[in-house]
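Fold and contact review
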Amino acid sequence: MSQKIAFAVCLLALCPFIAFATEGIRECPGFPMPHFVNISECAKAPCPLYRGKDVVTISGFTSNEYAETLKTRAHFREIESGIAAEFPLPADRSNTCDWLISTTCPVYPTEDVTYKFVMPVLSIYPKKMELDLKITVENENKEILSCFQVEGTTV
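Here we summarise the structure given alongside this text. Quantities reported herein were computed from a predicted structural model and do not represent experimental measurements. (Residues numbered from 1 in each chain as written. Predicted model: local features only at pLDDT ≥ 70, side-chain atom pairs only at ≥ 80, totals over all residues. Heavy atoms only, no water.)

**Digging into the pattern of salt bridges**
Filter applied, for reference: A side-chain nitrogen of Lys or Arg and a carboxyl oxygen of Asp or Glu constitute a salt bridge if their distance falls within 4 Å. By definition, any uninterrupted DSSP run of H or I lasting at least four residues is a helix, any uninterrupted run of E lasting at least two residues is a strand, and each is numbered from the N terminus. Burial classes follow relative accessibility: with a 1.4 Å probe on protein chains only, a residue under 20% of its type's maximum area counts as buried, one over 50% as exposed, and anything between as partly exposed.
Inspection of the entire model under this criterion finds 5 salt bridges. The salt bridge partner of Asp132 is Arg26, with a shortest N-O separation of 2.6 Å. One end of the pair, Asp132, is in strand E8 (residues 130–139); the other, Arg26, is in strand E1 (residues 26–27), and 106 residues separate them in sequence. Accessibility expressed as a relative area gives 11% for Asp132, which makes it buried. Given the relative accessible area of 29%, Arg26 is considered partly exposed. With a shortest N-O distance of 3.8 Å, Arg77 and Asp132 are connected by a salt bridge. Placement of the pair is Arg77 in strand E5 (residues 70–78) and Asp132 in strand E8, with a sequence separation of 55 residues. Taken together, the shared-partner salt bridges in this structure form one network comprising Arg26, Arg77 and Asp132.

Now the structure itself:
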């Protein structure tokens, strides 16, 4: 299959995600925002975070830096208490290069990048916890290439 045909098939497969992007995605001040973010089972924030299940996100951005490797990081702030921390992601989930849809690593400046991010929501998390989530993709120099924020509630 030629590269053009493969790209067209990939683009068609992503059209539903682009057309039905999640509403309520916010920028991270001072960092590049993705062109689109689609969070599974969430048309509009706050997004339900089903305990014991994974939240699947498809996101696309244009890289502003060269990157040999990419790492996804997830941070949260519990809205009521203000407690903030980083979600501990399994290594296989945080290695963004393994989840790229539109390209492969290394990634070059001005390259369009589409990736899938699968975040586990553990069943031990309390119900009805209102969270402000921040998802970043960074390169090996810890430079953030993409960042978005969204509110979610554990269910």
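**Quick notes on the pairing of E8**
Our working definition: Strands were regarded as paired on the criterion that DSSP finds at least two bridges between them.
The buried count for E8 comes to 8 of 10 residues, which makes it a mostly enclosed element. Here E5 runs beside E8; their pairing, made up of 9 bridges, is antiparallel. Note on E8: the bridge partner recorded for Leu70 is Asn139. By the bridge criterion, 9 bridges tie E8 to strand E9 (residues 144–154) in an arrangement that is antiparallel. Counterpart to Ile135 in the pairing with E9 is Phe148. Joining the antiparallel neighbours E8 and E9 is a turn of 4 residues, in which Lys142 adopts a positive phi near 65 degrees.

**Let's talk about the nonpolar core**
Using the following cut-off: Throughout this description, the term nonpolar core refers to a set of buried Ala, Val, Leu, Ile, Met, Phe, Trp, Tyr and Cys residues connected via side-chain atoms within 4.5 Å. A contact between two residues is defined here by any heavy atoms of the two lying within 4.5 Å.
Ile39, Phe87, Tyr115, Leu133 and Phe148 are the most contacted members of the largest nonpolar core, which has 30 residues in total. Those elements that place two or more of their residues in this core are strand E2 (36–39), strand E3 (47–49), strand E4 (53–62), E5, strand E7 (112–121), E8 and E9. Counting residues per element, this core draws most heavily on E7, which supplies 5 residues. When residues no more than four places from it in sequence are discounted, the contact partners of Phe148 are Ile25, Arg26, Cys28, Pro34, Val37, Ile39, Thr57, Ser59, Tyr115, Leu133, Lys134 and Ile135.

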